[in-house]
Amino acid sequence: MKITNAEFITSIAALPKYKEASSRYSCPEICVVGRSNVGKSTFINCVTGRKKLAKASVTPGRTRLINLFDLNRGTLVLADLPGYGYAAAPKTERKGWAQLIEEYLGSSEKLKRVFALVDLRHEPTVLDKQMLKYLYAYNIPFTVVATKADKLSKSQISAAVQTVSTALTVGRDDIIVFSGLNGTGKEAVEAVLDSVLEI
Ligand SMILES: Nc1nc2c(ncn2[C@@H]2O[C@H](COP(=O)(O)OP(=O)(O)OP(=O)(O)O)[C@@H](O)[C@H]2O)c(=O)[nH]1
Ligand SMILES: [Mg+2]
């Protein structure tokens, strides 16, 4: 599915507000998770074709709330989640986000797929691995998206995909190599959206 229309719905700081917001739509939901600064907001902007829809950060840890977006007028809802592992944030604040992310993932009945973003240039972190374990444990289907591919050469990309594949025990072919800068991987993401809508 190509996204031809995307609109901000609301921001959520606590689960009751999510429950209230999600009771107003019946379409499937997808979300984007990943460590702080990995490129979640940029991914959303690229896939929706709206440069400023999700606020991409100059300083990491910018997205502190769950932001909900309507895609193609009631076809899908997309949730932009706060990033995990932002060391510079106060501990209590980090705990709050972690709790919000966990509560959201554990309770959303409409959530059909998670796009789990990792930085293709780096070995996945302990927190990345924990996130995938969590998704397995809760039986939430996910797709690994390796971002910032534009920063690597072709041969570097191939080696990096292998590293991510091994670290996360995900097949090479199941990893979408992505760049929010030049649109690499956008079609593969659209194909995943099609599969979400077919369920
Ligand atoms: N070269 C390049 N830079 C990227 C890409 N994706 C994100 N960035 C840059 O990485 C930084 C963080 O991007 P964001 O999209 O704000 O990351 P985020 O995961 O939403 O961050 P938080 O909301 O803080 O968790 C910004 O400076 C982006 O411009 C990409 O595909 N290629
Ligand atoms: Mg963000």
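It should be noted that the structure appears before, not after, this text.
Residues numbered from 1 in each chain as written. Chains lettered and ligands numbered in written order. Predicted model: local features only at pLDDT ≥ 70, side-chain atom pairs only at ≥ 80, totals over all residues. Heavy atoms only, no water.

**Quick word on the overall build of the chain**
Reasoning step 1: Counting secondary structure elements, the chain contains six helices and seven strands.
Reasoning step 2: Over its C-alpha trace the chain gives a radius of gyration of 16 Å, about what one expects of a compact globule, namely 16 Å for 199 residues.
Reasoning step 3: Its C-alpha atoms put the chain at 45 × 40 × 35 Å along the principal axes.
Reasoning step 4: Split into buried and exposed, the 199 residues of the chain put 50% on the buried side.
Reasoning step 5: Sequence-distant contacts in the chain: of pairs separated by 6 or more residues, those separated by 24 or more amount to 73%.
Reasoning step 6: Accessible surface computed for the chain: about 10,000 Å², of which carbon and sulfur atoms make up 52%.
Reasoning step 7: Computing the positive centroid from 27 side-chain charges and the negative centroid from 19, the chain places the two 6 Å apart. (Helix = DSSP H or I, 4+ residues; strand = E, 2+ residues; numbered from the N terminus. Rg over C-alpha atoms; globule rule 2.2 N^0.38 Å. Buried < 20%, exposed > 50% of the residue type's maximum accessible area, 1.4 Å probe, protein only. Contact = heavy atoms within 4.5 Å. Areas by Shrake-Rupley, 256 points an atom, 1.4 Å probe, with all protein chains shown as cover. Lys, Arg positive; Asp, Glu negative; His and termini not counted. Charge placed at Lys NZ, Arg CZ, Asp CG, Glu CD.)

**Examining the pattern of salt bridges**
Reasoning step 1: Using the criterion set out here, one finds five salt bridges in the structure.
Reasoning step 2: Of the charged contacts in the structure, one is a salt bridge between Glu-20 and Arg-24, with a shortest N-O distance of 2.7 Å.
Reasoning step 3: Note that Asp-119 is salt-bridged to Arg-121, the shortest N-O span being 2.8 Å.
Reasoning step 4: Relative accessible area serves as the criterion here: at 4%, Asp-119 is assigned to the buried category. (Salt bridge = Lys/Arg side-chain N within 4 Å of Asp/Glu carboxyl O.)

**Observations regarding helix α5 (residues 154-168)**
Reasoning step 1: For α5, which comprises 15 residues, the first-to-last C-alpha distance of 21 Å matches the rise-based estimate of 21 Å (1.5 Å per residue) to within 8%.
Reasoning step 2: The inward-facing, buried residues of α5 abut β5 (111-119), α4 (126-137), β6 (142-147) and β7 (175-177).
Reasoning step 3: Thr-169, located one to two residues past α5, shows a positive phi value of around 45°. (Expected span 1.5 Å × (residues − 1).)

**Here we look at the nonpolar core**
Reasoning step 1: Ranked by size, the top nonpolar core spans 40 residues in total, and within it Cys-31, Leu-68, Tyr-104, Leu-105, Val-114, Leu-120 and Val-144 carry the most contacts.
Reasoning step 2: For this core, the element with the highest residue contribution is α5, accounting for five residues.
Reasoning step 3: Those residues within four positions of Val-144 in sequence are excluded, and the remaining contacts are Ala-116, Val-118, Leu-132, Val-164, Leu-168, Val-170, Asp-174, Ile-175 and Ile-176.
Reasoning step 4: Membership of the second largest hydrophobic core comes to 25 residues, among which are Ile-30, Phe-115, Leu-117 and Val-145. (Core = buried A, V, L, I, M, F, W, Y, C linked by side-chain atoms within 4.5 Å.)

**Let's talk about the sheet that holds β7**
Reasoning step 1: A sheet is described by the order of its strands in space; here seven strands give the open sequence β1-β3-β4-β2-β5-β6-β7, paired in mixed fashion. Two strands in the sheet have a free side with no partner beyond their single neighbour: β1 (6-12) and β7. With strand direction ignored, the average angle separating the axes of adjacent strands in the sheet is 25°.
Reasoning step 2: When strand β2 (residues 29-34) meets strand β4 (residues 76-80), the two strands line up parallel, connected through four bridges. Bridge assignment links Glu-29 to a residue of β4, and that residue is Val-77. (Pairing = 2+ DSSP bridges. Axes fitted to C-alpha atoms, helices over the stretch in contact; angles between N-to-C directions.)

**Regarding the pairing of β2**
Reasoning step 1: Of all six residues in β2, six are buried, a share of seventy percent or more.
Reasoning step 2: Residues Glu-29, Cys-31 and Val-33 line one face of β2 and the alternating positions Ile-30, Val-32 and Gly-34 line the opposite face, and both faces are buried.
Reasoning step 3: Taken together, the six bridges between β2 and β5 define a ladder with parallel strand orientation. Counterpart to Gly-34 in the pairing with β5 is Leu-117.

**Thoughts on the packing of aromatic side chains**
Reasoning step 1: Counted under the stated rule, the structure contains six aromatic pairs.
Reasoning step 2: Pairing Phe-8 with Phe-69 gives two aromatic rings, centres 5.8 Å apart and planes at 65°, and the pair type is edge-to-face. Here the residue Phe-8 occupies a position in strand β1, and Phe-69 occupies one in strand β3 (residues 66-71), the gap between them amounting to 61 residues.
Reasoning step 3: Judged by its relative accessible area of 46%, Phe-8 is partly exposed. (Phe/Tyr/Trp six-rings, centres within 6.5 Å; stacked < 30°, edge-to-face > 60°.)

**Here we look at the side chain of Asn-5**
Reasoning step 1: Its place among the elements puts Asn-5 in the segment before β1.
Reasoning step 2: If we ignore the near neighbours within four places in the chain, the residues touching Asn-5 are Asp-70, Leu-71, Asn-72 and Arg-73.

**Side note on the environment of Phe-43**
Reasoning step 1: Positionally, Phe-43 belongs in helix α2 (residues 40-48).
Reasoning step 2: C-alpha separation for the pair Phe-43 and Ser-179, spaced 136 residues apart in sequence, amounts to 7.8 Å.

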